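Structural overview for review
The chain contents come next:
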Amino acid sequence: MVIERALQTRAAPEAATLIGRGKVDELAAAVKSGEAGMVIFDQDLSPTQQRNLEKALATKVIDRTQLILDIFASRARTREGRLQVELAQLNYMLPRLAGHGVEMTRQGGGIGTRGPGETQLETDRRRIAKRIKAVELELEGVRTGRALHRRRRTAVPLATLAMAGYTNAGKSTLFNRLTQAGVLADAKMFATLDPTVRPLILPSRRRVLVSDTVGFIRNLPTTLVKAFRATLEEVNEAALVLHLVDASSPVAAEHTAHVLQVLAEIGAAQIPQILVLNKIDRVDSSEADAGTLQRRLMGEAGGHAGMRAVAISAISGAGMEGLLAAIDEVLPMDPLVRTTLDLSAGDGATLAMLHEFGRVLSTRYEENRVVVEAEVPESLERRLRAR
Ligand SMILES: Nc1nc2c(ncn2[C@@H]2O[C@H](COP(=O)(O)OP(=O)(O)O)[C@@H](O)[C@H]2O)c(=O)[nH]1
Ligand SMILES: [Mg+2]
């Protein structure tokens, strides 16, 4: 819960505390009266500034880089992602060792508590430096084994839709809207999975997983670029990327180009992608159609490049059927085929299966037979034909 927000505009930062003396006192009072457990600065703090502020505010102080690192740490799913994040955390921690008497790591790393004195400090420095070496070595190993790893992962039976886009584009809102029904249906089966992956049943009755990936961040500190990309790596295992953009944002075109560029750089360019133009409730209705928006964001080239675009409002739900239909059309895994089956009228099991996993278009009864026309996943059709 956020107790208080404060903003200060200054000609120059205060060397010792970033913000001015008066602001520090003001914050200290707010921390005390609100019993704040933490103060987060949307700025980078030098190790000294952070220390001074923790003393003056009598609470934990976190800067922008550390907050982003914490988010990455909670979102990194692949081994490489976790290692890259740990490496960035260690490098962040190293110059901040001096002066802290309390626990150093908030996210693993296992450095533990320290006593006062130079000796302890030196020991800690050596320990972190050693861990950095070890992580770097492990990372090399992971990169070598990556091709192998990816082949294994593709054996996972369910296709994944990865949602990519800037923070604030509406990924989590869309994620919740898309997967609400799915969660109830399959809650038990997925109870142990992390909360950013959930099942979704498409109109075609195909089951997929939706994954809410780590968001792109404006002005990402350069020291975190590698950790960010490694955390985003999981997109490479997706069958389809939902590239979400806040179409009402004045920097939407810039964001779209940047996401496309980074996806290409991590090797995800060949994965089918749908450009999801979100927040059309905030766009002038004369421009709120997918074609117009896509041209505005990507130039004439966008549509020609064959990228599907769908305009939605994740908040109001507008455009959701169009989005689901587009996903069904573009999803390469186990495509839908139209089939006609001549079944014995007593074959209730097959009929039930067709209704559950496919879309039954027509049913015609003839004496003791039933002829069903349906749209089903290719895998199901193969299974039925093989009998
Ligand atoms: N007006 C409007 N706001 C939206 C829409 N979708 C999301 N938002 C808001 O945008 C903000 C960021 O949404 P969120 O889903 O957290 O974005 P994320 O950072 O990409 O996960 C929240 O305040 C949402 O309520 C939309 O379609 N229209
Ligand atoms: Mg989110």
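Everything discussed here concerns the structure shown above.
The following refers to the structure shown.

With that settled, consider the pattern of salt bridges. For the structure on display, the rule yields 23 salt bridges. Across the salt bridge formed by Glu-138 and Arg-79, the nearest N and O atoms sit 2.2 Å from each other. One end of the pair, Glu-138, is in helix α5 (residues 118–144); the other, Arg-79, is in helix α4 (residues 79–93), and 59 residues separate them in sequence. Where Glu-373 meets Arg-338, a salt bridge forms, and the shortest distance between an N and an O atom there is 3.3 Å. Pair noted here: Glu-373 is in strand β11 (residues 369–377) and Arg-338 is in strand β9 (residues 336–344), with a separation of 35 residues, a long-range link. According to the relative accessible area criterion, Glu-373 is partly exposed, its value standing at 27%. Each of Asp-42, Arg-64 and Arg-218 takes part in a single network of salt bridges with overlapping partners.

Geometry of a packed helix pair, given as the angle between the helix axes and the separation of the axes. Between helix α3 (residues 64–75) and α4, the least distance of the axes is 10 Å, while the angle of their chain directions is 155 degrees. One way to sum up the angle between α3 and α4 is to call them roughly antiparallel. Read as a crossing pair, α3 and α4 show a hand that is left-handed. Touching Thr-65, Gln-66, Leu-69, Asp-70, Phe-72 and Ala-73 of α3 are Val-85, Ala-88, Gln-89 and Tyr-92, all from α4.

The subject of this paragraph is the site of ligand 1. Looking at ligand 1, there are 15 residues lining it, with Asn-168, Lys-171, Ser-172, Thr-173 and Asp-281 nearest. Contact between ligand 1 and Ser-172: an oxygen atom at 2.9 Å from a side-chain N or O atom of the residue. In this structure, Thr-173 approaches ligand 1 through a side-chain N or O atom, which is 2.6 Å from an oxygen atom. Look at ligand 1: alone it shows 580 Å² of surface, and the protein chains cover 74% of it. Per element, the largest residue contribution to the shell around ligand 1 is three residues, and it comes from helix α7 (residues 171–186).

Time to look at the sheet that holds strand β7 (residues 273–278). On the basis of which strands lie adjacent, the open sheet formed by six strands has the order β4-β5-β3-β6-β7-β8 and mixed pairing. Each having just a single partner strand, β4 (197–201) and β8 (308–311) make up the two edges of the open sheet. Between one strand and the next, the sheet's axes are offset by a mean angle of 25 degrees, whatever the strand orientation. For strand β6 (residues 240–246) and β7, the ladder comprises six bridges, and the chain directions are parallel. By the bridge assignment for β7, Asp-246 is matched with Asn-278. Sheet strands in contact with helix α12 (residues 320–330) are β3 (159–164), β4, β6, β7 and β8, and its direction is about 165 degrees off that of β8.

Here is what the cut-offs are and how they apply
- Residues numbered from 1 in each chain as written.
- Chains lettered and ligands numbered in written order.
- Predicted model: local features only at pLDDT ≥ 70, side-chain atom pairs only at ≥ 80, totals over all residues.
- Heavy atoms only, no water.
- Salt bridge = Lys/Arg side-chain N within 4 Å of Asp/Glu carboxyl O.
- Helix = DSSP H or I, 4+ residues; strand = E, 2+ residues; numbered from the N terminus.
- Buried < 20%, exposed > 50% of the residue type's maximum accessible area, 1.4 Å probe, protein only.
- Axes fitted to C-alpha atoms, helices over the stretch in contact; angles between N-to-C directions.
- Parallel < 35°, antiparallel > 145°, perpendicular 65-115°, else oblique.
- Left-handed = near helix turned anticlockwise from the far one by under 90°.
- Contact = heavy atoms within 4.5 Å.
- Near = heavy atom within 4 Å.
- Polar contact = N/O pair within 3.5 Å; in protein donor to acceptor, adjacent residues only side chain to side chain.
- Areas by Shrake-Rupley, 256 points an atom, 1.4 Å probe, with all protein chains shown as cover.
- Pairing = 2+ DSSP bridges.

Remember that the coordinates give geometry; whether it matters functionally is a separate question.
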